[in-house]
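This is what each chain is made of:
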Amino acid sequence: MGLFFAGILSYCLGSIPSGLLFGKYIWGVDLREHGSKNIGATNAWRILGKGPGLLVFTADLLKGVLGVALGLYFVGTPLAMILGGIAAIVGHGWSIFLGFKGGKGVATGLGVIAMLMPHVTLVILGVWIVIVFFSKYVSLGSVIAAALVPIAAYIFDEPLEFLYFGIVAAIFVICRHKTNIERLINGTESKIRSGHINK
Ligand code: G3P
C-alpha cells in the first residue's frame, strides 16, 4: 500500500509542468510555442532568460528529489526509492496534466540520481558542465551525461538495482533527445543563449 501511495504521489508530483506554469503565469510565455518547444529548463533559459531557466531547473530537480524521498518515507527500501524516482521521471515525461506529453527528464532524473548515487551525480554533472561550456550544446551534454550514468554507477560499485535504474534512466533520456540528436548530426541544433524569445 505504501509503495502504491508513493508511486501515485511521485507520478502526480512529476507531472507538474513547472516550466509551462512558470513560463505562462509569471512571464506570459508558453514554452511549447517557442525555441525547441520543450518545457524544460534549457528552453526556459533559451527563451525567457537565465533566472527563469534556473528556476525551472530547480523545480524539476526537486520533483526527482521528492519522488525518491516519498519512496523512502512511505516504504523505506532502496527499491521503493528507485520506484518513487522513476514515477517522478515518468510523470515529468508523460504528464497527466498535459495529455501524457512532457519533458525530457534531465533535471528530474538528476534529482533522482543525486538522492541515490551522489558520487555518480558529481561525475556526470562535471562532464555535463564541461561539454556544455565548450560545445554550447546542452542536449549533447545531457545525452553524454545520461549515457555515463550506468557506466559511472558500475565504476563506483553502486548496488545492482541502482545500476539497472541508471540503464533505464539513460535509455529514457537518450530516446527523449531523438530530435536533438538528429539536429546535432545535421548541424541544426541551436547553441545555448539566454533570453531570445521567438528564436
Ligand atoms: O534538458 C533538455 C536539454 O538537454 C535539451 O533541451 O530545449 O534544447 O531540447 P532543448
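Residues numbered from 1 in each chain as written. Predicted model: local features only at pLDDT ≥ 70, side-chain atom pairs only at ≥ 80, totals over all residues. Heavy atoms only, no water.

1. Focus on the site of the ligand
Stated formally: Throughout this document, a residue counts as near a molecule or strand when at least one of its heavy atoms sits within 4 Å of that molecule or strand. By the criterion applied in these results, polar contacts are pairs of N or O atoms within 3.5 Å in which, for protein atoms, one can donate a hydrogen and the other can accept it, and in which residues neighboring in sequence qualify only through two side-chain atoms. Here the accessible surface of atoms and residues is derived via Shrake-Rupley with a 1.4 Å probe, and residues count as covered only by protein chains that are part of the display. When residue character is reported, Ala, Val, Leu, Ile, Met, Phe, Trp, Tyr, Cys and Pro are called nonpolar, Asp, Glu, Lys and Arg charged, and the others, Gly included, polar.
Taken together, Ser36, Asn38, Thr42, Asn43, Arg46, Lys104, Val106, Val138, Ser139, Ser142, His177 and Asn180 are the residues near the ligand. In this structure, an oxygen atom belonging to the ligand sits 2.8 Å away from a side-chain N or O atom of serine 142. A distance of 2.7 Å separates an oxygen atom of the ligand from a polar side-chain atom of histidine 177. Taken by itself the ligand offers 310 Å² of open surface, and the protein chains cover 94% of this. For the shell around the ligand, the residue count by class is 2 nonpolar, 8 polar and 2 charged.

2. Observations regarding the packing of aromatic side chains
What counts, and what does not: Stacked, edge-to-face and tilted labels apply to pairs of Phe, Tyr and Trp rings (six-membered ring for Trp) whose centres lie within 6.5 Å, assigned for plane angles under 30 degrees, over 60, and everything in between, in that order. Here, over-ring charges are defined by two tests on the NZ atom of lysine or the CZ atom of arginine: distance to the ring centre within 6 Å, and angle to the ring normal within 35 degrees.
Applying the stated criterion to the full structure yields 5 aromatic pairs. Three or more aromatic residues link up through ring pairs in this structure, and these residues are Phe4, Phe5, Tyr73 and Phe74. Across the ring face of phenylalanine 133, the terminal group of lysine 136 is positioned such that the distance to the ring centre comes to 4.9 Å. The lysine or arginine in question, arginine 176, covers the ring of tryptophan 94, its NZ or CZ lying 4.8 Å from the ring centre.

3. What to know about the pattern of salt bridges
Let me state the cut-off plainly: Criterion for a salt bridge: a side-chain nitrogen of Lys or Arg within 4 Å of a carboxyl oxygen of Asp or Glu. The secondary structure listing takes helices from DSSP runs of H or I that are at least 4 residues long and strands from runs of E that are at least 2 residues long, numbered from the N terminus. Residue burial is assigned from relative accessible area. The probe radius is 1.4 Å, only protein chains are included, and a residue is buried under 20% of its type maximum, exposed over 50%, and partly exposed in between.
Inspection of the entire model under this criterion finds 4 salt bridges. Residue aspartate 60 pairs with lysine 63 through a salt bridge whose shortest N-O separation is 3.5 Å. With aspartate 60 and lysine 63 both in helix α4 (residues 50-74) and 3 residues apart, this pair spans about one turn of that helix. Judged by relative accessible area, which is 3%, aspartate 60 ranks as buried. Accessibility expressed as a relative area gives 6% for lysine 63, which makes it buried. The salt bridge partner of arginine 183 is glutamate 189, with a shortest N-O separation of 2.7 Å.

4. Things to note about helix α5 (residues 78-93)
Convention followed: For a helix, the expected span equals 1.5 Å multiplied by the number of residues minus one. Contact criterion: two residues are considered in contact whenever any of their non-hydrogen atoms come within 4.5 Å of each other.
Counted at 1.5 Å a residue, the expected span for α5 with its 16 residues is 22 Å, and the 23 Å between its end C-alpha atoms agrees. Burial in α5 covers these residues: Ala80, Met81, Ile82, Gly84, Gly85, Ala87, Ala88, Ile89, Gly91, His92 and Gly93. On the buried face of α5, the contacting elements are α1 (2-15), α4, α6 (106-116) and α9 (160-176).

5. Some remarks on the packing of helix α8 (residues 138-155) against α9
Helix packing geometry: the angle between the two helix axes and the distance between the axes. The line we're drawing: Comment: axis = line fitted to C-alpha atoms, over the contacting stretch for helices; angle = value between 0 and 180 degrees taken between N-to-C directions. With respect to orientation, any angle under 35 degrees is reported as roughly parallel, any angle over 145 as roughly antiparallel, any angle of 65 to 115 as roughly perpendicular, and every other angle as oblique.
Following both chains from N to C, one finds α8 and α9 inclined at 170 degrees, their axes separated by 8 Å at the closest point. As the angle between them shows, α8 and α9 are arranged roughly antiparallel. Where α8 approaches α9, its residues Ser142, Val143, Ala146, Ala147, Val149, Pro150, Ala153 and Tyr154 are matched on the opposing element by Leu163, Gly166, Ile167, Ala170, Val173 and Ile174. By residue class, the composition of the contact of α8 with α9 is 12 nonpolar, 2 polar and no charged.

6. Quick word on the UniProt feature "transmembrane region" (unreviewed entry) in the chain
Basically, it comes down to this: UniProt positions are given in the numbering used here, feature names are shortened, and annotations may be inferred rather than shown by experiment.
Taken from the UniProt record, the annotation "transmembrane region" (unreviewed entry) applies to residues 106-130, 137-156 and 162-179. For the annotated span residues 106-130, helix accounts for 96% and strand for 0% of the residues, and the straight-line distance between the end C-alpha atoms is 16 Å. Secondary structure content for residues 162-179 is 94% helix and 0% strand, and the end C-alpha separation is 28 Å.

7. Looking at α1
Over its 14 residues, α1 extends 20 Å from the first C-alpha to the last, a length consistent with the 20 Å expected when each residue adds 1.5 Å. Looking at the buried residues of α1, the elements they touch are α4 and α5.

8. Overview of the nonpolar core
As a reminder, the rule being used: To form a nonpolar core, buried Ala, Val, Leu, Ile, Met, Phe, Trp, Tyr and Cys residues must be joined to one another through side-chain atoms within 4.5 Å.
Formed by 22 residues in total, the largest nonpolar core has its most connected members in Ile113, Leu116, Met117, Val120, Ile124 and Phe165. Elements that contribute at least two residues to this core include exactly α5, α6, α7 (118-135), α8 and α9. It is α9 that contributes the most residues to this core, 6 residues altogether. Residue contacts for leucine 116: discarding those within four places in its chain leaves Val68, Met81, Ile82, Glu158, Phe162 and Phe165. Membership of the second largest hydrophobic core comes to 7 residues, among which are Val29, Leu31, Ala41 and Ile47.

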